[in-house]
Amino acid sequence: MYSFRYHRAASIEEAKELHTTSDEGAYLAGGMTLIPTLKQRLADVDDVIDLGGIESLKGVMTSGTSMKVGGMAVHNEVAANATIDALRHLASGIGDPQVRNRGTIGGSIANNDPAADYPAAVLGLNATIHTNGRTIGADDFFTGMFDTALGDSEIVTAVEFPMPSRAAYIKFPNPASRYAVVGVMVSETNGNVRVAVTGAGTCVFRASAMEEALTNEFAAESISGISIDSSSFNSDIHASAEYRAHLVGVMAQRAVSQIS
Amino acid sequence: MATETGIGASVRRTEDARFITGTGRYTDDINVPGQTYCVFVRSTHARAKIKSIDTSDALSTPGVVAAFVGADLAKDEIGDLPCGWLVKSKDGSDMIAPPHPPIATERVNYVGEPYALVIGETVQAAKDGAEAIVAEFEIQTPVMDVASATQSEQIHESVPSNRSYDWELGDKAATDAAFEDAAHVTSLDIVNNRLIPNAIEPRAALGSFDAASETYTLHTTSQNPHLERLVLAAFVNIAPEAKLHVVSPDVGGGFGSKIFVYAEETAVIWASAKVGRPVKWTADRVESFLSDAHGRDHVTHAELALSEEGDFLGLRVKTTANMGAYLSTFASSVPTYLYGTLMAGQYKTPAIYVEVQAVFTNTAPVDAYRGAGRPEATYVVERLVETAARELNTDVAELRRRNFINPEDFPYETPVALTYDTGNYAASLDKALEYANYSGFASRKARSEADGKRRGLGFSCYIEACGLAPSQVALSLGAGVGLFESAEVRVDVTGSVTVMTGAHSHGQGHETTFAQLVSDKLGIPFENVSVVHGDTRRSDYGLGTYGSRSIAVGGSAISKATDKIVTKAKKIAAHMLDSEEDQVSFDDGIFTIPDSNESLTFGEVAFSAYVPGNFPLDELEPGLSEKAFYDPANFTYPAGTHICEVEIDSETGTTSIVSFVAVDDFGNVINPMIVEGQVHGGLAQGIGQALLEHGIYDSDGQLVSGSYMDYTMPRADDLPDFVVDTTSTPCTHNPLGVKGCGEAGAIGATAAVMNAITDALGVKDLPMPATSETVWRAIQGG
Ligand SMILES: Cc1cc2nc3c(=O)[nH]c(=O)nc-3n(C[C@H](O)[C@H](O)[C@H](O)COP(=O)(O)OP(=O)(O)OC[C@H]3O[C@@H](n4cnc5c(N)ncnc54)[C@H](O)[C@@H]3O)c2cc1C
């Protein structure tokens, strides 16, 4: 770890001010990604700005047609309080108890790890990302590997999920890290079907062929024959691109079966 | 005495209270005034010549106290790290051990090898300094493949063909003849995957030099502090043993990886005199992955010859063992005397021939890891036997039973240099078959198939040679040290007892087991016995803990010393009771004589030994403290049957272990709960090897599975509820009848799991670990 200044911001405005005026600043949520990165000297920042003291970033709230998760809500809070079953299930399957007690939805999606679970939920449920300056639609948020539409000092304040009529998330966990080798969120909201895939590629993506097939008939069999192009998929010691492509099919069918 | 705390009782581990409440005292918990911090600069190249190392920027970095390179140690005549077991090749020549300077001087040979060290006022300052070191390398193509290592570029000048030795054991002619007569030959090509030990406590060292007494003190995470001291004194030239004090406090796991003498503690203890201040180093997890000695890593071709009726006629094994870049402390013994000698397994195979060549590659050194050679041997034998049964269409259990060495055959001399003292293999098999509900397997399999899943059952009837070791046997085979154990039982004035042992616990619960043993034998409260270990100034020279030796060798030494206490105490009691020594009985802590109501407690006799008013000072020295060194007459031979049942998700290839039965014969057992815990841990590691764990280097020599993001440690939810039970044929040659239990799980489990998976898939072999993708590909037929 290199030395840095630590700040605990009391408000979103103060956090942003600290970040904008720093040469190299980093927001700190649960630190589940940031702290190991700092400890291994893979990052060298001047100012670490802790968002943990900002009340307005916390909590999970449901109001009629949507559910809003504060940017600093930890995974265990979502696992306990989300009113969308698929999201509760997803959050309860992230990492281990320690990670779930520290890691946050804001940190997860701001980081946009290609193997993270939440991006599949955000994209697969067509959530809206609220920041301190604007709202961003799910389809525009995840722009590439570890890359998002967030501006330099922009803070994820909340993620708003429309209530789906049905949704399921199935993940094939990496045996070592328990991140997703492949995770698939399937949902139907107001007649619109979404299938979002995480883990397989460099960034979460929608499987449009599956979405079309399921729109025609919402049944596992309708997607069983769909072949997935794995040419740009990740390949590592845990799973080749070809195996990941196979798993996308299996996980998607299992998700569909669960809710049809 | 069968009490709640005596021999045979499941006493809760007294040490656990401090371990689980964070009040243990590990090496990194120790801080001394004036302490500095050491950071090692490690090679990022797998194979390179060092052209230059410039430490000047490091030295001018704020907070940096000193920076050293390998040449600085060489200037002080610091010796190479030695390998302590001399193995000879077939042609009688000695193995070749390439020079292993603690800090690389001319070349680096694996990623993670240290080539410089920086000492700072803080860890951060030392890290800053380490980043400021400028080194130039001439990068060379690394040798990464074990099977082709002898045909690859030569790594060490002194080692042609990258081969340290080419060893053999057994009768080649007789074995070849057996194969000629065979009705059936089963052959297998198997790879025993590389494992990384992953002790929960990383290695650490704190070296201090006291100029006034010219004494070095090294606190370090060692499984055998006396051996550490011996090597640092006699080979590395730090100081005479008497001026070198090695303390190994609480140690958080080792699995073998903390037996060895490494570069880091060597450099730290040397540097402490150099800078005139204590120097501390604690590995981070990345360093542990890169620089702890790894385990296993064999490529083997093995064949079993059988008669028409299914009798084993001969076994032929040819193995290439990866040593990594250098010979670690005991590396040479692992694929030879701890491997080839186990090839008889539980069977009467009359002719066995084993060839092992040990090769160097540009990877971290490989050495003993839980089981050390014996898991690899069990894997060879038990995979072969199961495969043979399938090929012959006979029952896997019955084929084994047919070939078992029977109880009446003991002592049984194997064709590979061991004499098994006792055993009853069918007893373990029978018990395991019952637990596993063997007869119900067919219907369970049918049910799985109806669900679209595959189910398989696998056996492993393993044997191990433990209780290392009869010194003269080991020495005649090339060991550089005796392998006895020391003990001192010191009775205190008030009758409590302090036990000093040369064995050392790194998680085994010695403070409990040894206290049970002594309190039982002396009839004194368990709470009144303290066990002291891990300190070269407090215990006599001993050999530490590995090879399931602590109870069999260390416990036997304690038992002997305790017997001496009783002998002397009886003399004292005889005097106090006005009787003769041979008239005194000692039972349950009370001394009695025939036809008398008079008796003495152990405490009264102890008191008299130290306050010798009523004491035969003309015949006996005062005091009550005895030592013993115990050298075992033979190895011990724990053995048992493990049965694993798996169910496989056909769509994903994911294997679940649905049941695992382990029935082990450990002879007599002091604390059944601790033994069961040892079995659980061993099983987790054995199953981990089969399903999850893999030390993988890429072709450039980078360790791909170098963190917990990629190295899959077994976790509770990867494992079933184990069914664990024991049978017992007490060891015939040690005073306790014990055999040792630390490695059995890791030795037996791996073959059982892979036999179950290959059974479920109907394939002959599958590489380990059997990851979901590996299994899925096998289901796809390729
Ligand atoms: C052992 C382990 C296992 C894990 N397993 C999984 C898993 O199975 N599935 C999974 O999905 N994830 C997993 N994770 C990731 C984890 O769940 C966290 O979501 C992730 O590490 C981010 O952590 P954090 O929320 O603490 O954010 P931090 O580490 O504090 O921050 C991460 C990044 O996001 C930025 N940031 C944080 N909050 C905000 C915000 N509100 N607005 C803008 N930028 C922000 C930070 O500046 C930083 O760059 C795992 C992590 C670990 C350590």
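For every chain, the first residue of the written sequence is number 1, and numbering continues from 1 along that sequence. Working convention: letters from A go to chains and numbers from 1 go to ligands, in the order in which they are written. Per-residue local features are limited, in this predicted model, to residues with pLDDT of at least 70; the limit for side-chain atom pairs, both in listing and counting, is 80 or more; totals at the level of whole chains, interfaces and linings are taken over all residues.

Quick question: what am I supposed to make of the overall build of chain A here?
In DSSP terms, a helix is any run of H or I states spanning at least four residues, a strand is any run of E spanning at least two, and both are numbered starting from the N terminus. A count of helices and strands for chain A gives eleven helices and 14 strands. It is over C-alpha atoms that the radius of gyration is taken, and the globule rule equals 2.2 Å times the number of residues to the power 0.38. Against the 2.2 N^0.38 benchmark of 18 Å for 260 residues, chain A shows a C-alpha radius of gyration of 18 Å, consistent with a compact globule. Seen along its three principal axes, the alpha-carbon backbone of chain A occupies a region of about 55 × 45 × 30 Å. Any residue surrounded by 20 or more other C-beta atoms within 10 Å of its C-beta is treated as buried, while 12 or fewer makes it exposed and the intermediate range makes it partly exposed; C-beta atoms here are placed from the backbone. The buried share among the 260 residues of chain A stands at 46%. Within chain A, contacts between residues at least 6 apart in sequence are counted, and of these 61% link residues at least 24 apart. Contact between two residues is assigned when their C-beta atoms, built from the backbone, lie within 7 Å.

Honestly, the sheet that holds strand β24 (residues 599-601) of chain B in this entry has me stumped. Any pointers?
The strands making up a sheet associate through backbone hydrogen bonding, with each pair oriented either parallel or antiparallel. All names here are of chain B. DSSP calls a pair of strands paired once it identifies at least 2 bridges connecting them. Spatially, β22-β23-β24 is the arrangement adopted by the three strands of the open sheet, whose pairing is antiparallel. If you trace the sheet from one side to the other, it starts and ends with β22 (585-587) and β24, each paired once. Adjacent strand axes in the sheet meet at a mean angle of 25 degrees when their direction is disregarded. Where strand β23 (residues 590-592) lies against β24, three bridges are found, and the strand directions are antiparallel. In this description, a line fitted to the C-alpha atoms serves as the axis of each element, helices being fitted only across the stretch in contact, and the angle between N-to-C directions of two axes falls anywhere from 0 to 180 degrees.

When you look at the site of the ligand in this model, what are you seeing that I'm missing?
All names here are of chain A. Every one of the 32 residues lining the ligand counts as a neighbour, but G30, G95, G103, G106 and G107 are closest to it. Among the elements of the structure, β2 (25-28), α5 (97-102) and α6 (105-111) are those that each provide at least two residues to the shell around the ligand. Ranked by the residues each element gives to the shell around the ligand, the list is headed by α6, at five residues. Under the convention adopted here, Pro, Cys and the residues Ala, Val, Leu, Ile, Met, Phe, Trp and Tyr are nonpolar, Asp, Glu, Lys and Arg are charged, and Gly plus all remaining residues are polar. Broken down by class, the residue content of the shell around the ligand amounts to 16 nonpolar, 13 polar and three charged. We call a residue near a molecule or strand if the C-beta atom, set from the backbone, is within 6 Å of it.

I keep staring at unusual backbone geometry and nothing clicks. Help me out?
Cis geometry marks the peptide bond from F410 of chain B to P411 of chain B; its omega dihedral reads -5 degrees. Positionally, P411 of chain B belongs in the loop between α10 (396-403) and β16 (412-413). Here the bond from L468 of chain B into A469 of chain B is cis, since omega is -10 degrees, no more than 30 degrees from zero. Residue position: A469 of chain B is located in the loop between β18 (453-463) and α13 (471-476). Phi at N126 of chain A is positive, roughly 55 degrees, even though this residue is not glycine. Of note, N126 of chain A is situated in the loop between α7 (118-124) and β6 (128-131). If you check the backbone angles, N437 of chain B has positive phi at about 45 degrees while not being a glycine.

Sorry, what's going on with the pairing of β2 of chain A here?
On a regular strand, one side chain projects to one face of the sheet and the next to the other, so that they alternate. Residues and elements named next belong to chain A. In this sheet, strand β3 (residues 47-50) lies alongside β2 in parallel orientation, the contact comprising four bridges. The residue bridging A26 from the neighbouring strand is V48, located in β3. Following the chain from β2 across helix α2 (residues 34-39) to the adjacent parallel β3, one finds a crossover that is right-handed. Clockwise travel from the first strand over the helix to the second, with the strands pointing away from the viewer, marks a crossover as right-handed.

Where do I start with the interface of chain B and chain A in this structure?
A common way to express how large an interface is: the accessible area buried when the components associate. Counting from both sides, the interface comprises 14 residues of chain B and, opposite them, eleven residues of chain A. Classifying every residue of the side of chain B that touches chain A by side-chain character gives seven nonpolar, four polar and three charged.

Honestly, the environment of G256 of chain B in this entry has me stumped. Any pointers?
Residues and elements named next belong to chain B. Note that G256 resides in the loop between β11 (244-247) and α7 (263-275). It is 32 Å that separates the C-alpha atoms of G256 and G314, two residues lying 58 residues apart in sequence. With residues near it in sequence (within four places) discarded, G256 still touches P197, G295, D367, A368, Y369, R370, A372 and Y546.

Can you walk me through the domain arrangement of chain A in this structure?
All names here are of chain A. Throughout the structure description, domain borders are defined by an automatic or database domain assignment. For chain A, the assigned domains read domain 1 (5-50), domain 2 (57-162) and domain 3 (166-258). Relative placement of domain 2 and domain 3: their C-alpha centres are 19 Å apart. Counting residues at the interface gives 23 residues for domain 2, matched by 26 residues for domain 3. Going through the elements one at a time, α4 (85-92), α7 and β8 (142-144) are the ones with two or more residues in the side of domain 2 that touches domain 3. Counting residues per element, the side of domain 2 that touches domain 3 draws most heavily on α7, at five residues. Across the side of domain 2 that touches domain 3, the residue classes break down as 14 nonpolar, seven polar and two charged.

Teacher, can you tell me more about the nonpolar core here?
A general trend in soluble globular proteins is that nonpolar side chains are found buried together. Among the nonpolar cores identified, the biggest contains 319 residues, and V184 and A252 of chain A together with C38, A116, L117, V118 and V753 of chain B are the most heavily contacted of them. Ranked by residue count, the leading element in this core is helix α18 (residues 744-761) of chain B, at twelve residues. Residues contacting V753 of chain B, with those up to four places away along its chain left out, are G458, C644, I657, I687, A690 and L691 of chain B. Note on terminology: a nonpolar core is any set of buried Ala, Val, Leu, Ile, Met, Phe, Trp, Tyr and Cys residues joined through C-beta atoms within 7 Å.

Sorry if this is basic, but what is going on with the sheet that holds strand β1 (residues 36-42) of chain B here?
Residues and elements named next belong to chain B. Ordered in space as β3-β5-β1-β12-β9-β10-β11, the seven strands form an open sheet in which the pairing is mixed. In this open sheet, the two edge strands, each paired with only one partner strand, are β3 (64-69) and β11. Strand-to-strand, the axes of this sheet are offset by a mean angle of 20 degrees, without reference to chain direction. Bridge count for strand β9 (residues 204-210) against strand β12 (residues 279-282) is four bridges, and the pairing is antiparallel. Residue pairing for β12: A205 is matched across the bridge by W281. Seen against the sheet, helix α6 (residues 225-234) touches β10 (215-220) and β11 and runs at an angle of roughly 150 degrees to β11. Running over the sheet, α7 touches β1, β3, β5 (114-120), β9, β10 and β12 and is turned about 30 degrees from β9.

Quick question: what am I supposed to make of the domain arrangement of chain B here?
Residue and element names in this part refer to chain B. According to the domain assignment, chain B contains domain 1 (16-22 + 484-630), domain 2 (31-140 + 200-253 + 258-291) and domain 3 (295-468 + 634-780). Domain 1 and domain 3 are separated by 39 Å when their C-alpha centres are compared. The partner domain 3 presents 20 residues to the 17 residues of domain 1 that form the contact. Looking at the side of domain 1 that touches domain 3, the elements that each hand over two or more residues are α14 (510-522) and α15 (550-576).

For this particular structure, what's the right way to read the confidence of the model for chain B?
Interpretation of this model should avoid reading the predicted coordinates in detail wherever pLDDT is low. Every residue carries a pLDDT, the predictor's confidence in it, which falls somewhere between 0 and 100. Summarising the model, chain B shows a mean pLDDT of 97, and 100% of its residues fall at 70 or more. Reported confidences for the modelled complex are a pTM of 0.97 and an ipTM of 0.96.

Teacher, can you tell me more about α15 of chain B here?
Because each turn of an α-helix spans 3.6 residues, side chains separated by three or four positions end up pointing in the same direction. All names here are of chain B. What a helix should span is 1.5 Å times the count of its residues minus one. Here α15 contains 27 residues, and its C-alpha end-to-end distance of 37 Å stays within 8% of the 39 Å for a straight helix at 1.5 Å per residue. Summarising burial for α15: 19 of the 27 residues are buried, a large majority. Note on α15: the residue one or two positions beyond its end, D578, has a positive phi of about 60 degrees.

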